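Geometric and topological summary
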There are 2 protein chains.
Amino acid sequence: MKLQALAAGQTDRIGNVNIDFLRHISKLATGCENEIGMPIRLETRRIPKHHDIFAEGDTLRDVMFLRDGWAYRYRLLGDGRRHIVNFLIPGDFVGPYFPTAAHFCGTLTDVTLCQAPRSDFSDANRNYPALASALEAIMATEYRLLSERLVSLGRRNARERMAHLLVELYERMRRVGLITDNSYEFPVTQEILADTLGLSVVHVNRTLRSLREDGFATVGFGRVCIRDLDGLRDVAGADEPTQAHWSLGTSAPVPFAAAS
Amino acid sequence: MKLQALAAGQTDRIGNVNIDFLRHISKLATGCENEIGMPIRLETRRIPKHHDIFAEGDTLRDVMFLRDGWAYRYRLLGDGRRHIVNFLIPGDFVGPYFPTAAHFCGTLTDVTLCQAPRSDFSDANRNYPALASALEAIMATEYRLLSERLVSLGRRNARERMAHLLVELYERMRRVGLITDNSYEFPVTQEILADTLGLSVVHVNRTLRSLREDGFATVGFGRVCIRDLDGLRDVAGADEPTQAHWSLGTSAPVPFAAAS
DNA sequence: CGACATCTTGAGCTGGCTCAAGCGTAGTGG
DNA sequence: CCACTACGCTTGAGCCAGCTCAAGATGTCG
C-alpha cells in the first residue's frame, strides 16, 4: 500500500495546479526532493490500526498527510449512531482543515503519517503561493467529494450509493497508483460501509451480493475487485454530467492563491 | 433582508480569525472601509429570483459573495433527481471554491452579489495573509456544515433532519443579525426542503405539521418561527457533542495562512 | 482452540414513498 | 374585475425499500 507511483518522474509544474498537487504533497511526504523548494520538514509518525488519530474538538498543532494506510473521518451522535464522512487513502490530506477538529479521524489499518506544525505551513504559504494553491485545491476537492456523497445519501438508493462509492474509490486509488488488476485494497468492514452509506449492515450485505451476482464487482477479504467498471458507473447513476467528477477535477487549475 | 448588523462597529481583528471574518468580508461587500486595507474592489450585481447564478462546469472569472437574498447550491442527477447541497444567506461566500464550478447555484429570492476577479484575490492573498486566512476559514466552515448535513442524511430520521436544519439556519441567520422575534425569513418551498433533506414533498409536509403540532416551530408563508429552540435542538439530536457545532466554529482561530 | 468479530441469510415490520385528489393563492390576460 | 392557470400546500391510502430481530456460518487472532 505504498505510494510507489509517486516515485516516478513528476513533470507537472505545481504552478498549474490540478489534482496532481496531491502527488507533490506526497512527494514531500515521502521525503524526495520537492519541486517547489518548500522549506517544510515533515515528520513521520506511525499509528496502529483501529486507533483514533485525533478526536472531535482536539486542537492540533500539526497538519497531517497520510503516507500509507487507510483512515476515515467520522462523527458520532449522542445515542451512539455513527456516520462516516469520508475515507482517507495514501496521499490524502488528513487535516484538520481547522486547528480545532470538527470530527474524529480513525485508522482502518496501520498508518504512516507525515506531519508538520501548522505554523510552518502558514509561513510557507506566504512565500510559496503554489503551496497555498495546492492546499486550497485539496479543500475544494474534498468539498466536491462531500457534496457528491451528499447527493448519494439524499437521492440515490442503496445499490446506486454502493456503486458510486466503489467507483469513487477506484478513481482515487488509481490516481495514486494503487490499482492492480482492476482491484484495490479495501480494509473496510460491512459495518463501516453501512455507516458510510447510511444503510444497515444487513442491507449492505445484500447490496454487495446483488452487485456481485450481477457481475459488477466483488467486495470482500479486504479487497474490492471491479469486474465491470462501465456497468458500475451506469448503476451509480445516469447522473455525473461528465467524467469530470470522477476524475476529481483534473480540469481545474488556479485556485485563489494562484502560483506565479 | 439586509445585513444591518454588519454596519455596527467591528472591533475584532481579522488576525485572530474566527467566523467573524464573515462580517469583515461582508463589510467589504457593503463597501465600507475595511480594516485590513485590502485593495480589492468588489462590484455589485443583482440577479432576479429563480435564476441560476452559475451552472455546474462553468469556469468563472469572478469570486462572489452574497450581499442579500437567499441562494442555494444544487446538483442534478441524469434522470432529473435534484439534491440541494446547501443554502446561502446574506454574508455567505457564493463561490465557486474552484474556478470551475462543481455544482449549480440558483437564487431563491432577488439577490445582490458582490464580486471581484479571482485573480484579485490571488494577488491580495499573497500580501494579506489575513484574507487568505479568512477564505480558508470560510471553506473549513462550509466543510463542517456539509459534514453535518451528511450525518443528517445518513443517520437521522425525517423529524431529526428537519429540526436540525431549522436550528442550523436559525444560528446562521442570528449570526448575521437576521433574526427578529425568534423568526427568520425563509423563502424555501416544501419541494426544495424535500430535495435538501432527501425526503419526499409529502413527507416534508407531514414532518412540518408534526413539528408545528408539537409546538417546536412553524414553517410557512416564507418564514420560520422558532417556538421552542431548546426543544428543537433536542429533537435534532442527542448528538452535538457541544454547542460548538451550532455556533459554526467560534472557537477556532488561525488556519493555515495565519495573519501576522 | 476458544472467543470474538464479521459475514450471511431468513422473516417480518415500518418509515417514508408514490399516487391521487382537493384547496388556497398569486399572477395574467382578456 | 373575473376567469383561468399555475404553483404550492395538504391529506388520504396503499406500497415497498430498507430496517430490525434472530440465528448460523466463517474467519481470525491471541
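Values in this document were obtained by computation on a predicted structure and should not be read as measured data.

A side chain with one charge may pair with a side chain of the opposite charge, provided their charged atoms come close. Per the stated rule, a full pass over the model turns up 32 salt bridges over all chains. Among the charged side chains, a network of salt bridges with common partners joins Glu56(A), Arg75(A), Glu148(B) and Arg156(B).

Turning to the protein's contact with DNA strand C, a few remarks are in order. Around DNA strand C lies a shell of 15 residues, among which Gln190(A), Asn205(A), Leu199(B), Ser200(B) and His203(B) are the nearest. Counting only atoms of DNA strand C within 4 Å of the protein, the fraction found in sugar and phosphate groups is 67%. Between DNA strand C and Gly198(B), the relevant distance is 3.5 Å, taken from a phosphate oxygen to a main-chain nitrogen or oxygen of the residue. Those elements giving two or more residues to the surface near DNA strand C turn out to be helix H5 (190–197) and helix H6 (201–213) of chain A together with helix H6 (201–213) of chain B. Ranked by residues supplied to the surface near DNA strand C, first place goes to H6(A) with 4 residues. Residue classes in the surface near DNA strand C are distributed as 4 nonpolar, 7 polar and 4 charged.

What follows covers the nonpolar core. Membership of the largest hydrophobic core comes to 44 residues, with the highest contact counts inside it found for Phe121(A) and Phe121(B). When contributions to this core are tallied by element, the ones reaching two or more residues are strand S3 (62–68), strand S8 (111–117), helix H2 (118–127) and helix H3 (129–155) of chain A together with strand S3 (62–68), strand S8 (111–117), helix H2 (118–127) and helix H3 (129–155) of chain B. If you look at the next biggest cluster of nonpolar residues, it comprises 41 residues, including Val176(A), Ile192(A), Leu193(A) and Leu208(A).

Here we take up the protein's contact with DNA strand D. Leu199(A), Ser200(A), His203(A), Gln190(B) and Asn205(B) are the nearest of the 16 residues found near DNA strand D. For DNA strand D, the fraction of protein-proximal atoms (within 4 Å) that sit in sugar or phosphate groups is 66%. A distance of 3.5 Å separates a phosphate oxygen of DNA strand D from a polar backbone atom of Gly198(A). Contact between DNA strand D and Gln190(B): a phosphate oxygen at 2.7 Å from a side-chain N or O atom of the residue. At the level of elements, H6 of chain A together with helix H5 (190–197) and H6 of chain B are the ones that each hand at least two residues to the surface near DNA strand D. Among the residues making up the surface near DNA strand D, the classes are represented as 5 nonpolar, 7 polar and 4 charged.

So, about H6(B). Residue and element names in this part refer to chain B. The terminal C-alpha atoms of H6 lie 18 Å apart, and with 13 residues this matches the ideal 18 Å at 1.5 Å per residue to within 8%. Of the residues making up H6, those classed as buried are Val 204, Thr 207, Leu 208 and Leu 211. Projected down its long axis, H6 carries its buried residues within an arc of 100 degrees, all on one side. Residues of H6 that are buried sit in contact with helix H4 (158–175), H5, strand S10 (217–220) and helix H7 (229–236). Immediately beyond the C-terminal end of H6, within one or two residues, lies Gly 215, with a positive phi of roughly 80 degrees.

A few words on the sheet that holds strand S5 (residues 82–88) of chain B. Residues and elements named next belong to chain B. Strands sit in the order S2-S7-S4-S5 across an open sheet of 4 strands; the sheet is antiparallel. The open sheet terminates on both sides in strands that have one partner only, identified here as strand S2 (52–54) and S5. Pairwise comparison of adjacent strand axes, ignoring direction, gives a mean angle of 35 degrees for this sheet. Relative to strand S7 (residues 104–107), strand S4 (residues 71–76) is paired through 4 bridges, and the arrangement is antiparallel. Following the sheet pairing, Tyr 72 is matched in S7 by Gly 106.

Moving on to the confidence of the model for chain A. All names here are of chain A. On average, chain A scores 77 in pLDDT, and the residues at 70 or more come to 75%. Mean pLDDT across the elements of chain A ranges from a minimum in helix H1 (residues 21–30), with 50, to a maximum in H5, with 96. Long-range and interchain partners of residues 1–22, a stretch whose pLDDT sits below 50, account for 54 contacts in this model, where long-range means more than four residues apart. Low pLDDT, under 50, characterises residues 29–36; the predicted model gives this stretch 15 contacts beyond four residues in sequence or across chains.

Residue and element names in this part refer to chain A. It is the contact of H5 with H6, at a shortest axis distance of 8 Å, that shows an interaxial angle of 100 degrees. Taken as axis vectors, H5 and H6 run roughly perpendicular relative to one another. Across the interface between the two elements, Gln 190, Glu 191, Leu 193 and Ala 194 from H5 touch Val 201, Val 204, Asn 205 and Leu 208 from H6. Grouping the constituent residues of the contact of H5 with H6 by class yields 5 nonpolar, 2 polar and 1 charged.

Cut-off values and rules
- Residues numbered from 1 in each chain as written.
- Chains lettered and ligands numbered in written order.
- Predicted model: local features only at pLDDT ≥ 70, side-chain atom pairs only at ≥ 80, totals over all residues.
- Heavy atoms only, no water.
- Salt bridge = Lys/Arg side-chain N within 4 Å of Asp/Glu carboxyl O.
- Near = heavy atom within 4 Å.
- Polar contact = N/O pair within 3.5 Å; in protein donor to acceptor, adjacent residues only side chain to side chain.
- Helix = DSSP H or I, 4+ residues; strand = E, 2+ residues; numbered from the N terminus.
- Nonpolar A, V, L, I, M, F, W, Y, C, P; charged D, E, K, R; others polar.
- Core = buried A, V, L, I, M, F, W, Y, C linked by side-chain atoms within 4.5 Å.
- Buried < 20%, exposed > 50% of the residue type's maximum accessible area, 1.4 Å probe, protein only.
- Expected span 1.5 Å × (residues − 1).
- Arc of directions from axis to C-beta.
- Contact = heavy atoms within 4.5 Å.
- Pairing = 2+ DSSP bridges.
- Axes fitted to C-alpha atoms, helices over the stretch in contact; angles between N-to-C directions.
- pLDDT = per-residue confidence, 0-100.
- Parallel < 35°, antiparallel > 145°, perpendicular 65-115°, else oblique.

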